[in-house]
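In case you want the letters, here they are:
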Amino acid sequence: MSDVADRVKKIVVEHLGVEEDKVTENASFIDDLGADSLDTVELVMAFEEEFGCEIPDDAAEKILTVKDAIDFIEKANG
Amino acid sequence: MRRVVVTGLGAVTPLASGAQITWQKLLNSQSGIKGIDTFDVSDIPAKIAGLVPRGEGEGLFNAEDHVSIKDMKKMDDFIVYGIAAADQALADSGWKPETDEDQEATGVLIGSGIGGLPKIADASDLVNNGKTRRVSPFFIPSCLINLVSGQVSIKHGLKGPNHAVVTACSTGAHAIGDASRMIMLGDADVMVAGGAEAAVCRLGMAGFAAARALSTGYNDTPTEASRPWDEGRDGFVMGEGAGCVVLEEYEHAKARGAKIYAEVGGYGMSGDAYHITAPAEDGNGGFRSMRNALRNAGVNPEDVDYVNAHGTSTPLGDEIELGAVKRLFGDHATKLSMSSTKSATGHLLGAAGAIEAVFSILAIHEGVVPPTLNLRNPSEACKGIDLVPLEAKQRKVNVALSNSFGFGGTNASLVFKAFK
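What you see is a predicted model; the values in this text were computed from it and never measured. (Residues numbered from 1 in each chain as written. Chains lettered and ligands numbered in written order. Predicted model: local features only at pLDDT ≥ 70, side-chain atom pairs only at ≥ 80, totals over all residues. Heavy atoms only, no water.)

## Description of the packing of aromatic side chains
For any pair of aromatic rings, geometry is given as the distance between the ring centres together with the angle between the planes.
Residue and element names in this part refer to chain B.
Logical step 1: Evaluated as defined, the whole model comprises five aromatic pairs over all chains.
Logical step 2: Judged by centre distance (6.2 Å) and plane angle (25 degrees), the rings of Trp-23 and Phe-359 are stacked. Of this pair, Trp-23 sits in helix α1 (residues 19-27) while Phe-359 sits in helix α14 (residues 352-366), placing them 336 residues apart in sequence.
Logical step 3: Under the relative-accessibility criterion, Phe-359 is labelled buried at 0%. (Phe/Tyr/Trp six-rings, centres within 6.5 Å; stacked < 30°, edge-to-face > 60°. Helix = DSSP H or I, 4+ residues; strand = E, 2+ residues; numbered from the N terminus. Buried < 20%, exposed > 50% of the residue type's maximum accessible area, 1.4 Å probe, protein only.)

Pasting the structure below:
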């Protein structure tokens, strides 16, 4: 697993207060991990902070799963 | 009108977390005031406060007992304290509504004087330092005053009236008074009511210090700083925490066999129409508030055994309130007991009226009146009345009156009666 994936999952675990094994790549923040719309905004902010990138609102709206986040960040930082 | 009784108590105070343990410490003449060590006070003249003791163990406040770590960032401390006091009061009352009907008959009315000042200060720093995008999506709901009531309703499934009071230092008393009327008028059968405050932060301390309201002469001896009616008093001491009561329509409480602490006898309000921070010099605002509460309760001044005073330890306010009490009660003023529990807790602003309602109710229930700490030399105008100096006193209390007065000239008085 990539370093980015590990760090994304760690942030998700911390911010959503969920068990680590539930944070699979295909897990949806809202449907599987109990996030609400404000939680997802905060998650995106945490990703920005952690990875020093900017995630515009229109891109953030498309980040629905753990994999979406990893893919976006790897692309942005790649 | 329907009768309203008190069936549950909750308190998070500088003395302890828990109504009973706070009460025991209060009766033991302990103080919850100490030097502020949680933030820098080097440029603020008042360096002490009543801070909620945190940790794990009896009487210590552990936020995680009440709110998950995940949810903690969605609320400023005043909301966490309010949830904790409401949890305690509901647990104490044994009321756990599960059907739609019961949930809809149960409301929440918890206020705050100031709300989420620490989080407002932090977010303001971000915005003013070019970090607008770092402002949390939870910032607004973390500091809105009515979010105590909102969070408590969500946690416990309480679907009745959901309301909040904001009347500075009268908030807690107004909340309990207003909630009791909602039950009397049939809007709800049960109300969780009270106040919460956590404004002991750099911004809050700087603001009250600028208003010259705070004690500054006892920074090295914090437990001696809050000394209502004493000659050496020099201002109030900031405090934080929350108080909640479960109010219940009498037949409802009786039908489920609930423990009844006391009855809400009456509620009075008034406005000074005088000054934004100073009380009217003749004390007529407090006088009318007390008079209205007694009239509403249908009790005579001679029936009152105990007054829990607003008594914040300010040079002006303490004497004005005491003068109003002497005028209202006449000869009976020499027979009643009056104390200021702010001497032990500091001034919890919007939560003050709520924790002091809890103390007044316990005075009735336990037959003992709590002391006024540090009252060694009452100033001349404060003589001729039993101010319960230094030590608690056994005394049968049938009727207790609790005063709360706030900036803006807003006054509230509550009357509690022994349940018969």
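And the narrative resumes.
## Details of the sheet that holds strand β6 (residues 190-197) of chain B
Residue and element names in this part refer to chain B.
Logical step 1: The strand order across the open sheet formed by ten strands is β5-β4-β6-β7-β1-β8-β14-β13-β9-β10, and the pairing between neighbours is mixed. Strands at the two margins of the open sheet, each flanked by one partner only, are β5 (162-163) and β10 (337-339).
Logical step 2: Relative to β6, strand β4 (residues 106-111) runs parallel, the two being bridged by six bridges. Looking across to β6, one finds that Ile-110 is bridged to Gly-194.
Logical step 3: The strands touched by helix α8 (residues 171-184) are β1 (4-12), β4, β5, β6, β7 (241-249), β8 (262-271), β13 (399-406) and β14 (410-417); relative to β6, the strand with the most contacts, the crossing angle is about 170 degrees. (Pairing = 2+ DSSP bridges. Contact = heavy atoms within 4.5 Å. Axes fitted to C-alpha atoms, helices over the stretch in contact; angles between N-to-C directions.)

## Looking at helix α9 (residues 202-210) of chain B
Residue and element names in this part refer to chain B.
Logical step 1: Among all positions in α9, only Gly-204, Met-205, Phe-208 and Ala-209 are buried. Within α9, the buried residues cover an arc of 125 degrees as seen down the axis, which keeps them to one side.
Logical step 2: Looking at the packing, one finds that the buried side of α9 touches β3 (48-50) and α5 (117-128).
Logical step 3: One or two positions beyond α9, positive phi appears at Arg-212, with a value near 60 degrees. (Arc of directions from axis to C-beta.)

## Re the environment of Arg-134 of chain B
Logical step 1: Along the polypeptide, Arg-134 of chain B turns up in the loop between α5 and α6 (139-143).
Logical step 2: For the pair formed by Arg-134 of chain B and Ala-123 of chain B, sequence separation is eleven residues and the distance between their alpha carbons is 8.5 Å.
Logical step 3: For Arg-134 of chain B, the residues in contact, after removing those within four places along its chain, are Met-45, Glu-48 and Glu-49 of chain A together with Leu-126 of chain B.

## Here's the deal with the pairing of β13 of chain B
Residue and element names in this part refer to chain B.
Logical step 1: Across the eight residues of β13, eight count as buried, placing the element largely inside the fold.
Logical step 2: Direction of pairing for β13 relative to β14: antiparallel, over a ladder of eight bridges. In the sheet register, Val-399 faces β14, and the bridge partner there is Lys-417.
Logical step 3: What sits between β13 and β14 in their antiparallel hairpin is a turn of three residues, with Gly-408 showing a positive phi close to 95 degrees.

## A few points about the environment of Lys-25 of chain B
Residue and element names in this part refer to chain B.
Logical step 1: Inspection of the secondary structure puts Lys-25 in helix α1.
Logical step 2: Looking at Lys-25, the relative accessible area reads 25%, which means it is partly exposed.
Logical step 3: When sequence neighbours within four positions are dropped, the list of residues in contact with Lys-25 reads Leu-15, Ala-16 and Gln-30.

## Thoughts on a negative patch on the surface
Logical step 1: A cluster of acidic residues, Asp-6, Glu-19, Glu-20 and Asp-21 of chain A, forms a negative patch on the protein surface.
Logical step 2: By the element assignment, Glu-19 of chain A lies in the loop between α1 (3-16) and α2 (37-51). (Patch = residues over 30% accessible without salt bridge, like charges linked within 9 Å, V, L, I, M, F, W, Y side chains within 5 Å. Areas by Shrake-Rupley, 256 points an atom, 1.4 Å probe, with all protein chains shown as cover. Salt bridge = Lys/Arg side-chain N within 4 Å of Asp/Glu carboxyl O. Lys, Arg positive; Asp, Glu negative; His and termini not counted. Charge placed at Lys NZ, Arg CZ, Asp CG, Glu CD.)

## Looking at the side chain of Glu-321 of chain B
Logical step 1: For Glu-321 of chain B, the position within the fold is in helix α12 (residues 315-329).
Logical step 2: Within the buried core, Glu-321 of chain B has no salt-bridge partner, and the shortest N-O distance to an opposite charge, that of Lys-342 of chain B, equals 7.1 Å.

## Some remarks on the packing of α1 of chain B against α14 of chain B
Residue and element names in this part refer to chain B.
Logical step 1: In the contact formed by α1 and α14, the axes pass within 11 Å of each other and the chain directions differ by 75 degrees. With respect to each other, α1 and α14 are oriented roughly perpendicular. Along its contact with α1, which presents Ala-19, Gln-20, Thr-22, Trp-23 and Leu-26, the element α14 presents Val-358, Phe-359, Leu-362, Ala-363 and Glu-366.
Logical step 2: Here the residues of the contact of α1 with α14 sort into seven nonpolar, two polar and one charged. (Parallel < 35°, antiparallel > 145°, perpendicular 65-115°, else oblique. Nonpolar A, V, L, I, M, F, W, Y, C, P; charged D, E, K, R; others polar.)

## Some thoughts on unusual backbone geometry
With the exception of glycine, most residues fall at negative phi, and the peptide bonds are largely trans.
All names here are of chain B.
Logical step 1: Phi is positive for Ser-29, close to 60 degrees, though the residue is something other than glycine.
Logical step 2: As for its placement among the helices and strands, Ser-29 is situated in the loop between α1 and β2 (33-35).
Logical step 3: According to the relative accessible area criterion, Ser-29 is partly exposed, its value standing at 27%.

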